[in-house]
Amino acid sequence: QGPLFPCEEAEVVNAVPVRKAEFRAGRTVARSALATLGVTAQAIPRANDRRPVWPAGIVGSLTHSRKHCAAIAARDDHVLGLGGDLEPATPLEPSLYAIVGRPSERVAFERPIETGAVSVDRGKLVFAAKEAVFKAYYPVTEVFLDYQDATVVVDPGGQFSVRLDDRVPALPGHPVLRGRWALVGGHIVAVLTLSRVVDAPA
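Here the structure is a predicted model, which means the values were calculated and not measured. (Residues numbered from 1 in each chain as written. Predicted model: local features only at pLDDT ≥ 70, side-chain atom pairs only at ≥ 80, totals over all residues. Heavy atoms only, no water.)

1. Regarding the packing of aromatic side chains
Aromatic ring pairs: the centre-centre distance and the angle between the two ring planes describe each pair. Scanning the entire structure with this criterion turns up 4 aromatic pairs. Here Tyr97 and Phe109 contribute two aromatic rings whose centre-to-centre distance is 5.2 Å and whose plane-to-plane angle is 80°, an arrangement assigned as edge-to-face. Within this pair, whereas Tyr97 is found in helix H3 (residues 97-100), its partner Phe109 is found in the loop between helix H4 (103-106) and strand E4 (113-114), the two being separated by 12 residues in sequence. Residue Tyr97 is classed as buried on the basis of its relative accessible area, which comes to 15%. Phe109 gets classed as buried once you look at its relative accessible area, which sits at 1%. A ring pair is formed by Phe134 and Tyr147, whose centres lie 5.4 Å apart and whose planes are at 50°; its orientation type is tilted. A residue pair is termed long-range when its members are at least 10 positions apart, and Phe134 in helix H5 (residues 122-141) and Tyr147 in the loop between H5 and strand E6 (150-155) qualify at 13 residues. Residue classification places Phe134 among the buried positions, given a relative accessible area of 13%. Taken together through their ring pairs, the aromatic side chains of Phe127, Phe134 and Tyr147 make up a single cluster. (Phe/Tyr/Trp six-rings, centres within 6.5 Å; stacked < 30°, edge-to-face > 60°. Helix = DSSP H or I, 4+ residues; strand = E, 2+ residues; numbered from the N terminus. Buried < 20%, exposed > 50% of the residue type's maximum accessible area, 1.4 Å probe, protein only.)

2. Things to note about unusual backbone geometry
Within the chain, Arg50 stands out as a residue other than glycine whose phi angle is a positive 80°. Assignment of secondary structure puts Arg50 in the loop between helix H2 (17-36) and strand E1 (58-64).

3. Considerations on the pairing of strand E3 (residues 79-88)
Extensive coverage of E3 is indicated by the burial of 8 of its 10 residues. Inspection of the sheet shows E3 paired to strand E9 (residues 187-195) by 9 bridges, in the antiparallel sense. The residue bridging Gly81 from the neighbouring strand is Leu194, located in E9. (Pairing = 2+ DSSP bridges.)

4. Details of the nonpolar core
Counting residues in each nonpolar core, the largest one holds 32 residues, and the members touching the most others are Val133, Phe160, Val162, Leu164, Leu177 and Leu192. At the level of elements, H3, H5, E6, strand E7 (159-164), strand E8 (177-184) and E9 are the ones that each hand at least two residues to this core. In terms of residue count, H5 provides more of this core than any other element does, 10 residues in total. Filtering out sequence-adjacent residues up to four positions away, Val133 remains in contact with Leu145, Phe160, Val162, Leu164, Leu177 and Leu192. If you look at the next biggest cluster of nonpolar residues, it comprises 10 residues, including Ala30, Ala33, Trp54 and Leu62. (Core = buried A, V, L, I, M, F, W, Y, C linked by side-chain atoms within 4.5 Å. Contact = heavy atoms within 4.5 Å.)

5. Here we look at H5
Taking 1.5 Å of rise per residue, 20 residues should cover 28 Å, and H5 covers 28 Å from first to last C-alpha, within 8% of that figure. Most of H5 sits out of view: 16 of its 20 residues are buried. The opening residue of H5, the one whose side-chain oxygen lies 3.3 Å from the backbone nitrogen of Gly123, is Asp121. (Expected span 1.5 Å × (residues − 1). Polar contact = N/O pair within 3.5 Å; in protein donor to acceptor, adjacent residues only side chain to side chain.)

6. Overview of the state of the cysteines
Applying the stated criterion across every chain yields a total of 0 disulfides. For the unlinked cysteine Cys7, the closest cysteine sulfur is that of Cys69, found at 17 Å. The class of Cys69 is partly exposed, set by a relative accessible area of 23%. (Disulfide = S-S within 2.5 Å.)

7. Side note on the pattern of salt bridges
A complete count under the given rule lists 11 salt bridges for this structure. Asp165 is the partner of Arg102 in a salt bridge, and the nearest nitrogen-oxygen pair spans 3.1 Å. Separated by 63 residues along the polypeptide, Arg102 in the loop between H3 and H4 and Asp165 in the loop between E7 and E8 bring together distant segments of the chain. Note on Asp165: relative accessible area 17%, which makes it buried. Three or more residues are tied together by salt bridges with common partners; here these are Arg102, Asp149, Asp165 and Arg167. (Salt bridge = Lys/Arg side-chain N within 4 Å of Asp/Glu carboxyl O.)

8. So, the pairing of E6
Put simply, side chains in a regular strand alternate between the two faces of the sheet. Covered by surrounding structure in E6 are Ala150, Val152 and Val154 only, the residues Thr151, Val153 and Asp155 on the alternate face being uncovered. As defined by bridge partners, E6 adjoins E7 across 6 bridges and the pair is classed as antiparallel. Residue pairing across strands places Thr151 opposite Arg163, the latter belonging to E7. The loop that links E6 with its antiparallel partner E7 comprises 3 residues; one of these, Gly158, has a positive phi angle of about 105°.

Here's what the structure looks like:
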């Protein structure tokens, strides 16, 4: 809960207390991430679409639950886009299965991911992975994705792969998007990096 810049304060002046706390925490950890890149503390305002406006030459992503907040950032000379999501490791509500999962994904939602040490709800993990994909994809394309626009395959070893539907704009050189996930402090963390070093065609 570090200080906000005046323009950031103005963006949440009428927000409810919990939203103000989430916003302040996000900007605090975002500036911490920027500091690791040698970027001086500065305002991170919101664009009209409500996503964070990172400093020139930087890409990043913010995510939070009710209790935790995380930020990732990188210089854009190596990274095209970043997406991160943080979700409580509780089961995905069955009423959301048809919204979050494509038919090929939903058939496995009731089977947890077994890591050897713990079980992770597959539906919630797919949800987190798609959220990470959307956060990395939109700043590059300015196209909003729907949950049905991406198919996620998760691996118990901490990786996931994503194929986008043909009806949405592709990311040239990235026929398959690849990310990582982990279980941390009772939360699922999913991160996707879009590198400027493109993948070989699959």
